[in-house]
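Topology and contacts: notes
Below are the chains, spelled out letter by letter.
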Amino acid sequence: MEKSVFTREYEILVELLREVRESARVTQVELAERIEENQVFVSRIERGESRLDVVQLRTICIALGLTLPAFIRKYEKRLGGE
């Protein structure tokens, strides 16, 4: 298993995360405030420069009004059910 931000699967993850944030009409700055981080942290994630762990992903999902299971369902669908 490749542990990299350069996999297609990770690229899809960050694309979906950005789409969820934008559809919630939340800016990077607002999200950063909600998760008690800075905007650079959010930007690095969305550019695929920082790897998220499951706890961070769950925190971001909750801050965007989405449960982790709901996000994972969207992610799996985007991957084609892999």
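You'll find the structure just up there.
These numbers come from a predicted model, not from an experiment.

What about the side chain of Ser50?
Along the chain, Ser50 falls in the loop between helix H3 (39-46) and helix H4 (54-63). Within polar-contact distance, the side chain of Ser50 engages the side chain of Arg44 at 3.1 Å.

Some details on the packing of helix H1 (residues 8-23) against helix H5 (residues 68-79)
Taken N-terminus to C-terminus, the directions of H1 and H5 make an angle of 130°; their axes are 10 Å apart at the nearest point. Relative to H5, H1 is oriented oblique. Between H1 and H5 the crossing geometry is right-handed. Contacts between H1 and H5 pair Glu9, Tyr10, Ile12, Leu13, Leu16, Leu17, Glu19 and Val20 from the former with Phe71, Lys74, Tyr75, Arg78 and Leu79 from the latter.

A few points about the side chain of Thr7
Looking at the secondary structure, you find Thr7 in the segment before H1. Of the polar contacts made by the side chain of Thr7, one reaches the backbone nitrogen of Tyr10; its length is 3.1 Å.

Section: H1
Since the α-helix advances by 3.6 residues per turn, residues separated by three or four positions end up pointing in the same direction. For H1, which comprises 16 residues, the first-to-last C-alpha distance of 22 Å matches the rise-based estimate of 22 Å (1.5 Å per residue) to within 8%. Among the residues making up H1, those that are buried are Tyr10, Ile12, Leu13, Val14, Leu16, Leu17, Val20 and Arg21. Residue Arg25 follows H1 closely and has a positive phi angle near 55°.

Some points on the pattern of salt bridges
Under the criterion given, the structure shown has seven salt bridges. Close ionic contact of Arg78 with Glu19 constitutes a salt bridge, the shortest N to O distance being 2.7 Å. Placement of Arg78 in helix H5 and of Glu19 in helix H1 is noted, with a sequence separation of 59 residues between them. Judged by its relative accessible area of 36%, Glu19 is partly exposed. The shortest N-O distance in the salt bridge between Arg47 and Glu49 comes to 2.7 Å. If you follow the salt bridges from partner to partner, you end up with Arg8, Glu11 and Glu15 in one network.

Rules used in this analysis
Residues numbered from 1 in each chain as written. Predicted model: local features only at pLDDT ≥ 70, side-chain atom pairs only at ≥ 80, totals over all residues. Heavy atoms only, no water. Helix = DSSP H or I, 4+ residues; strand = E, 2+ residues; numbered from the N terminus. Polar contact = N/O pair within 3.5 Å; in protein donor to acceptor, adjacent residues only side chain to side chain. Axes fitted to C-alpha atoms, helices over the stretch in contact; angles between N-to-C directions. Parallel < 35°, antiparallel > 145°, perpendicular 65-115°, else oblique. Left-handed = near helix turned anticlockwise from the far one by under 90°. Contact = heavy atoms within 4.5 Å. Expected span 1.5 Å × (residues − 1). Buried < 20%, exposed > 50% of the residue type's maximum accessible area, 1.4 Å probe, protein only. Salt bridge = Lys/Arg side-chain N within 4 Å of Asp/Glu carboxyl O.

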